[in-house]
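Survey of secondary and tertiary structure
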Amino acid sequence: MSNSPSSNHSHIAMIGLGVMGKSLTLNLLDNQFNVAGFDIDKEHLTATTQEAKQLNKGTFLACDSLTRLLSTLKSPRVISLSIPAGKIVEQVIDDLLKAGLEPQDIVIDTGNSLWTDTIAREQKYQSQLQFFSTAVSGGEQGARFGPALMASGSAEAWQSIKPMWNAIAAKVDSNGLPVPPLHDGESCATYTGPSGSGHFVKMVHNGIEYADMQLICEVYHYLREAIELTPHQIGDVFTEWNQGVLNSYLIEITADILKQQDFSTDHPLVDMILDKAGQKGTGTWTAINSLEIGCPTPTITQSVYARSLSSLKSRRLIGAKCLKAKTQPVDKTNLSAVINELHDALYCAKLCAYAQGFDLMNATSEQQNWQLNFVDIAKGWRAGCIIRATFLQDIANAYHHTPALDNLLFAEHFAHQLEARQLSWRKTVSNSSMHGIPMPGISSALSYFDSMRCGTLPANLLQAQRDFFGSHTYSRIDQSESAKYHVEWSHSPRVEVKR
Ligand code: 6PG
């Protein structure tokens, strides 16, 4: 695809010029692509037109109707939707069909749609258009200067879209580190495979994002309440951690936030913010998905619960009065040792959250026959997205070394790390428990790790309980697993029968 600005036609049409649509449009223009734009809100259209003029790069054409919008494109026409998830996606597609969309034309949903809706839409419109999806991570700044893109749909449609998405996506250098906007590098636009897989991968990205954020907040809570450091001091701890294995966007912004003073009082800003977490739903989708498919993601799911628990503020205030804690004081004599333990606990728990996310992708990939490529996915998250971190290069290396890795924790590099840092993790969980500071993420990750390294779990007893009250049967360790047994528990004498 030529992206010469002198080309008469627009390369792509953008429907929806709100925060994300406008930013993606300006990014496309920066990269010399011509964009036709439409928005029912005329103010959005005007704002994009004005900002596009300042760039003087690709051409922006503001359109007042979908018919006009389609007339500016060459076949196959590429139309990107930057609109909220939900029914509106179908309403806009139906309007596009009425305006003359043809079967070879490509419609890309760049919203945060539920992946199963994306699959249903691809099927619904398969004879009328090519439905494609691209999940965008990185918020407004990412969309403007280099997001991570998770694209899915037909391989043929991808060929038409790829040059544009590769150009606008975030880039990394040969060491896997992000490069500044408009610099050359490996693109973080990842084609994940068949329809729905891109939105699914983004959903898991968000589940991991929830866990990453929650784990950082738990460490902050401990340092604040148990060790009594100031937000600024904790910010300094995170700044230091950002130089090592925990280097990531979320650690970086946390340090920045913690050093910010309030604008109208003399307090740290974080102390003035109400402790009720919001959520738009992608973390819950991840948790539901993991429960439905039977692939445990306890740390991700605990992070969703932690947000829900935080929102029960009035109930927690009652609890604060009537539930008295019996705790032990924290030994603060060796502060740097405690801080190092927290660092290792955060690293290990973070690793578990990623292991859970990749496991969920693996299970769903097998179920849907997607053949997700985990090297590409980890590499695609190294820049632009919210969970970008240097540690993602290690994950990519692990899957490159062993593509059929059963679990990320089993990769030699990570198994060694867990061994080296494990005692600190255990001490942190134990200290937080003795001091009464909740650590649902960090402690659930430790239980996950301990469960994953237990060759034998007490599920033998559980199976016997199920058989006792419900005749649900069990398998024996000395017989084939497919052979089912039951005890006549109410008989005397009891007998075991094969079912
Ligand atoms: C991203 C973010 C983005 C958004 C979340 C917020 O990758 O750019 O994940 O998608 O910030 O959806 O989600 P919550 O409101 O649920 O925290």
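Note that the coordinates shown come from a computational prediction; the quantities given were computed from them, not determined experimentally.

**Section: the domain arrangement of the protein chain**
Split by domain assignment, the protein chain resolves into domain 1 (12-195), domain 2 (202-452) and domain 3 (459-498). Measuring from the centre of the C-alpha atoms in domain 1 to the corresponding centre in domain 3 gives 57 Å.

**Regarding the site of the ligand**
Near the ligand, the surroundings consist of 14 residues, among which Ser137, Glu209, Tyr210, Lys280 and Arg307 are the closest. In the environment of the ligand, an oxygen atom lies 3.3 Å from a nitrogen or oxygen atom belonging to the backbone of Gly139. For the ligand, an oxygen atom lies 2.4 Å from a polar atom in the side chain of Tyr210. About the coverage of the ligand: the protein hides 81% of its 410 Å² of free accessible area. A per-element tally of the shell around the ligand places helix α8 (residues 197-225) first, with 5 residues.

**What about the state of the cysteines?**
Evaluation of the coordinates by the stated rule reveals 0 disulfides. Of all cysteine sulfurs, the one in Cys385 lies closest to Cys217, which takes part in no disulfide; the gap is 18 Å. In this structure Cys217 comes out as partly exposed when scored by relative accessible area, which is 44%.

**Topic: the packing of helix α9 (residues 231-241) against helix α14 (residues 335-368)**
Direction vectors running N to C along α9 and α14 enclose 55 degrees, while the axes themselves pass 12 Å from each other. What the angle tells us is that α9 and α14 run oblique. The hand of the α9/α14 crossing is right-handed. Residue-level inspection shows Val237, Phe238 and Trp241 of α9 in contact with α14, the latter providing Ile339, Leu342, His343 and Leu346. Residues of the contact of α9 with α14, tallied by class, amount to 6 nonpolar, 1 polar and no charged.

**Digging into the pairing of strand β1 (residues 12-15)**
Within a regular beta strand, the side chains point alternately toward one face of the sheet and then the other, so they alternate between its two faces. Side chains of β1 alternate between two faces, with Ile12 and Met14 and Ala13 and Ile15 buried alike. Note that β1 and strand β2 (residues 35-38) share 4 bridges and pair parallel. Bridge assignment links Met14 to a residue of β2, and that residue is Gly37. Bridge count between β1 and strand β4 (residues 78-81): 3 bridges; the pairing is parallel. The residue of β4 that forms the bridge with Met14 is Ser80.

**Here we look at the packing of aromatic side chains**
Counting across every chain of the model gives 17 aromatic pairs. Centre to centre, the rings of Phe238 and Trp241 are 5.4 Å apart; their planes meet at 90 degrees, and the pair counts as edge-to-face. Of this pair, Phe238 and Trp241 both sit in helix α9, 3 residues apart, which is roughly one turn of that helix. When sorted by exposure, Phe238 lands in the same class as Trp241, which is buried. Relative to Trp381, the ring of Phe358 has its centre 5.8 Å away and its plane inclined at 65 degrees; by these criteria the two rings are edge-to-face. Placement of Phe358 in helix α14 and of Trp381 in the loop between α15 (374-380) and α16 (391-401) is noted, with a sequence separation of 23 residues between them. Judged by its relative accessible area of 1%, Trp381 falls in the buried class. Among the aromatic residues, those joined into a cluster by ring pairs are Tyr347, Tyr354, Phe391 and Phe414. Note that Arg388 overlies the ring of Tyr249, its terminal NZ or CZ placed 4.0 Å from the centroid. The ring of Tyr347 is capped by Arg421, whose NZ or CZ atom sits 4.9 Å from the centre of that ring.

**Examining the packing of α8 against helix α18 (residues 440-452)**
Where α8 contacts α18, the two axes come as close as 7 Å, and the packing angle between them is 115 degrees. By the angle class used here, α8 and α18 are roughly perpendicular. In this structure, α8 uses Gln214, Leu215, Glu218 and Val219 to contact α18, whose residues at the interface are Pro440, Gly441 and Ile442. Of the residues belonging to the contact of α8 with α18, the class tally is 4 nonpolar, 2 polar and 1 charged.

**Let's talk about helix α11 (residues 282-293)**
Given a rise of 1.5 Å per residue, 12 residues ought to cover 16 Å, and the 16 Å separating the end C-alpha atoms of α11 matches this to within 8%. Those residues of α11 that sit buried are Thr282, Gly283, Thr286, Ala287, Asn289 and Ser290. The arc that holds the buried residues of α11, viewed along the axis, is 160 degrees, so those residues lie on one side. Set apart from the buried face of α11 by more than 90 degrees, the exposed residues are Leu291 and Glu292. Lining the buried residues of α11 we find α5 (115-124), α8, α12 (298-311) and α14. Phi turns positive, to about 75 degrees, at Gly294, one or two residues after α11.

What counts as what
Residues numbered from 1 in each chain as written. Predicted model: local features only at pLDDT ≥ 70, side-chain atom pairs only at ≥ 80, totals over all residues. Heavy atoms only, no water. Domains from an automatic or database assignment. Near = heavy atom within 4 Å. Polar contact = N/O pair within 3.5 Å; in protein donor to acceptor, adjacent residues only side chain to side chain. Areas by Shrake-Rupley, 256 points an atom, 1.4 Å probe, with all protein chains shown as cover. Helix = DSSP H or I, 4+ residues; strand = E, 2+ residues; numbered from the N terminus. Disulfide = S-S within 2.5 Å. Buried < 20%, exposed > 50% of the residue type's maximum accessible area, 1.4 Å probe, protein only. Axes fitted to C-alpha atoms, helices over the stretch in contact; angles between N-to-C directions. Parallel < 35°, antiparallel > 145°, perpendicular 65-115°, else oblique. Left-handed = near helix turned anticlockwise from the far one by under 90°. Contact = heavy atoms within 4.5 Å. Nonpolar A, V, L, I, M, F, W, Y, C, P; charged D, E, K, R; others polar. Pairing = 2+ DSSP bridges. Phe/Tyr/Trp six-rings, centres within 6.5 Å; stacked < 30°, edge-to-face > 60°. Lys NZ or Arg CZ within 6 Å of the ring centre and 35° of its normal. Expected span 1.5 Å × (residues − 1). Arc of directions from axis to C-beta.

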